[in-house]
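What the coordinates show
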Amino acid sequence: MASARKPAGRRRKKEPVRKWIRLSRRNHLKMMTVFFFITAALAAMTGRVMYIEHTSGQKYQKIVLANANYDSKTIPYRRGDILDRNGIELATSLDVYNLILDASVLTAKEDYLEPTMKALMESFPDILSETEIRTFVSENPKNRYKVLAKRLPYEEIQVFLNKQKDKDSKSAQNIKGIWFEKEYKRNYPYKSLASSVIGFTTSGNVGMAGLENYYNSTLNGTNGRQYGYLNSDNSMEKTIKNAVDGNNIVTTIDMNIQSVVEAKIKEFNRAYKDEARPGNGAERIGVIIEEPDTGEIRAMACFPDYDLSNPRSLDGFYTKEEIEKMSEDDKTEALNQIWRNFCISDTFEPGSTQKPLTVAAGLDSGKLTGRETFECDGYEMVADRRIRCVARSGHGTETLEKALMDSCNDTLMQAVRRIGRDIFSDYQSIFGMGFRTNIDLPGEARTDTLVRSAEQMSSVDLASASFGQNFNCTMIQMVSAFSSVINGGNYYRPHMVSRITDENGNLVEEIKPELLKQTVSKETSDKIKEYLFATVSEGTASVVKVPGYSMGGKTGTAEKLPRADKNYVVSFIGYLPQEHPQLVIYAVIDTPNQPTEGEAQAHSTFAQNLVREILEEILPYMNIYKDEKTGEDALKKKDTNMYTAISGYEAKAALGESVKYN
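Per the secondary structure count, the protein chain includes 22 helices and 24 strands. Out of the 662 residues belonging to the protein chain, those deemed buried represent 49%. Within the protein chain, counting contacts between residues at least 6 apart in sequence, those at least 24 apart form 73% of the total. Accessible surface, the protein chain as shown: approximately 34,200 Å² in total, 49% of it carbon and sulfur.

Have a look at this one:
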């Protein structure tokens, strides 16, 4: 069998032989030269870039950032609240929102414009103009920031926000280019309450009066900022520096007591309104209630007051015709007078409320013992002047206690001669007359030029100063001095704020009572309290008596300059309870209107009635309990008809005193 023949296979091609090209030395040198040249060039370029970055990096960075879509906006801080002693907000900052248009986003797609415009006009029909918005967008399609409306409350923007978030609406996803910038608006919930104490702010969170001004830096915080780079897709890489909110201040004011005081002042004005000055019972009225053992002010009220939400309005103070005739300077001056805090900014002759201080100076210095007797014949001849007492026929024999009870000018003039001008002047300084109290409120008046030194004081000046004429003081000076005389001799700096807290209510600083000095001894203080207790129980201050409460105090009536006009400042200052006084109250009425034609202003009944009405309401609230029995005798001593003037010579002699110069 023949064997099978193997098929002839294809011959495998031979692999090409790789031949290495051998470079000549010359070509090798050329290639190495090129390599090193390129390497050197790259190294030089790198070095140059590093040099530019080191020497001019910030310059070129600014150029790049200036041409980039870089966005930055302020994050506003929240101004701190002003609270009463119980935590009730007297001034606060509410969230408000600016309506912002970003035209570059709105015009990024055609589908955005109409749904957004429809949502805007349905949400803000009374605020926005569709024509104006469309015109702005067409003329400024690349603009990223246009304020369409300012300071809108959240309730007003909520309708638009709901449209943006509506998942059932097909057009909601096309509402673009609108966002809201958060700000804060100062709000005063109680309008005019404590207006002269709280004050108000202008734009930029600048306090203009009261606590808003004095504690401006405490209430203010620090703005934050948001930085972000906007790319071509309008996505933003954000860097946020948060705002630091301002601190809160907790005042010593009790809103409930303050409300009562202001309501009673308004009642007085209604009772004694003058047709020529509708609603005004006096030119000015001030009331201060202070804790004598701490210097804390529980209430400080003034007339006139003003609406803190609209502090620049003159309506209600002047007629429309009067306002139209005013120049801008006239309006500014009128507003400054309205904003004044009468309790600290106005000076006046205190009248007979000075008498307890004069007697205290005599007792504490040892020049008086309290056992002396004096003869009041109705006047004293001082130099070439006859200075009359309120009782023209004289009070007869007087002790120091009875002199305060009768408010006898004659006795005080005799007593101050024994004290002497040097000692009297020294004690005036000790009591703070002529010096600011440095209460934490702006605008406290200077009185250094209104109180004569011993060297400047004539015999007439000394005599009249003993019963509160011929020198001026402020209400806060008198209430601080009087408090020291009835609390054992401790003079505290009066203050309006007790604590500072952060935005979460955590304590930042506690402002403790500041004892500045000892004015008189406790023995002198106790003796003066005895005299003042008798003055309310049986003397010229009996109208102020609140049945069931032990209390002391002193009336005051000062004849204003020019004396011939027969205008007066009437007042009462007092305390209760007798043993451990918890409050001092001081009421001053500047030029009260005459109750009936021909009837005099020159008695303190006005101020006494005002104080009594205030005390009757606030004492139960303050948990100050009755400590005396009541009965027919007590009721007879009280004028139960509110603001009923007491007329006639006998009533004037019993209830007030005016200075007469012949």
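So that's the structure; there's more coming.
By the definition in use, this model includes 13 aromatic pairs. Ring geometry for phenylalanine 200 and tyrosine 306: centres 6.2 Å apart, planes at 90°, overall edge-to-face. Highlighted residues: phenylalanine 200 in the loop between helix 6 (195-198) and strand 6 (201-202) and tyrosine 306 in the loop between strand 12 (297-303) and helix 10 (320-325), separated in sequence by 106 residues. Judged by relative accessible area, phenylalanine 200 falls into the buried class, the value being 1%. Here the aromatic cluster, defined as three or more aromatic residues joined through ring pairs, consists of Phe124, Phe160 and Phe180. Over the face of the ring belonging to phenylalanine 136 we find lysine 146, whose NZ or CZ atom lies 5.1 Å from the ring centre. Above the ring of tyrosine 491, the side-chain terminus of lysine 517 is found at 4.8 Å from the ring centroid.

We now examine the pattern of salt bridges. As enumerated under the stated definition, the model contains 34 salt bridges in all. The partner of aspartate 81 in a salt bridge is arginine 78, and the shortest N-O contact between them spans 3.2 Å. Residues aspartate 461 and arginine 452 are paired through a salt bridge, measuring 3.3 Å at the closest nitrogen-oxygen approach. Residue class for aspartate 461 comes out buried when judged on its relative accessible area of 12%. Several salt bridges converge on common partners, so that one network encompasses Lys264, Glu267, Arg612, Glu613, Glu616 and Glu617.

To continue, consider unusual backbone geometry. Omega for the bond connecting phenylalanine 303 with proline 304 falls within 30 degrees of zero, at 5°, which places this linkage in the cis form. Inspection of the secondary structure assignment puts proline 304 in the loop between strand 12 and helix 10. In this structure, the amide linkage connecting leucine 561 to the following residue, proline 562, adopts the cis form with an omega of -10°. Of note in this structure, lysine 566 is not a glycine but carries a positive phi near 55°. Mapped onto the elements, lysine 566 comes out in the loop between strand 21 (552-559) and strand 22 (568-576).

Turning next to the side chain of glutamine 469. Of note, glutamine 469 is situated in the loop between helix 17 (459-465) and helix 18 (475-486). Glutamine 469 gets classed as buried once you look at its relative accessible area, which sits at 0%. Within the local environment of glutamine 469, its side chain forms a polar contact with the side chain of glutamate 349, the two groups lying 2.9 Å apart.

Along the chain, glutamine 414 turns up in helix 15 (residues 409-419). Owing to a relative accessible area of 15%, glutamine 414 belongs among the buried residues under this scheme. Looking at glutamine 414, its side chain comes within polar contact range of the side chain of aspartate 410, at 2.9 Å. Those residues in contact with glutamine 414, other than ones at most four positions away along the chain, are Phe374, Glu375 and Glu380.

What follows covers the nonpolar core. It is characteristic of soluble globular proteins that their nonpolar side chains tend to be buried jointly. If you look at the biggest cluster of nonpolar residues, it comprises 84 residues, and the most contacted ones within it are Leu211, Met300 and Met496. Of all the elements, helix 18 adds the most residues to this core, at eight residues. Counting residues in each nonpolar core, the second largest holds 37 residues, with Val287, Val536, Phe572 and Leu615 among its members.

In this section: empty space enclosed by the protein. As enumerated under the stated definition, the model contains two cavities of 30 Å³ or more in all. Space inside the largest cavity adds up to approximately 60 Å³. In terms of lining, the largest cavity is formed by Phe424, Gln428, Val451, Arg452, Met457, Asp461, Ala465, Asn470 and Phe471. Looking at the lining of the largest cavity, the elements that each hand over two or more residues are helix 16 (421-430) and helix 17. By volume, the second largest cavity amounts to about 30 Å³. Residue lining of the second largest cavity: Leu90, Tyr188, Tyr190, Lys191, Leu193, Ile198 and Leu308, and that is the complete set. Classifying every residue of the lining of the second largest cavity by side-chain character gives six nonpolar, no polar and one charged.

Criteria and cut-off values
Residues numbered from 1 in each chain as written. Predicted model: local features only at pLDDT ≥ 70, side-chain atom pairs only at ≥ 80, totals over all residues. Heavy atoms only, no water. Helix = DSSP H or I, 4+ residues; strand = E, 2+ residues; numbered from the N terminus. Buried < 20%, exposed > 50% of the residue type's maximum accessible area, 1.4 Å probe, protein only. Contact = heavy atoms within 4.5 Å. Areas by Shrake-Rupley, 256 points an atom, 1.4 Å probe, with all protein chains shown as cover. Phe/Tyr/Trp six-rings, centres within 6.5 Å; stacked < 30°, edge-to-face > 60°. Lys NZ or Arg CZ within 6 Å of the ring centre and 35° of its normal. Salt bridge = Lys/Arg side-chain N within 4 Å of Asp/Glu carboxyl O. Polar contact = N/O pair within 3.5 Å; in protein donor to acceptor, adjacent residues only side chain to side chain. Core = buried A, V, L, I, M, F, W, Y, C linked by side-chain atoms within 4.5 Å. 1 Å grid on protein atoms, 1.4 Å probe; cavity = no way out; pocket = protein on both sides within 12 Å on 5 of 7 lines; lining within 4 Å. Points joined across faces, edges and corners; volume = space filled by probe spheres on them. Nonpolar A, V, L, I, M, F, W, Y, C, P; charged D, E, K, R; others polar.

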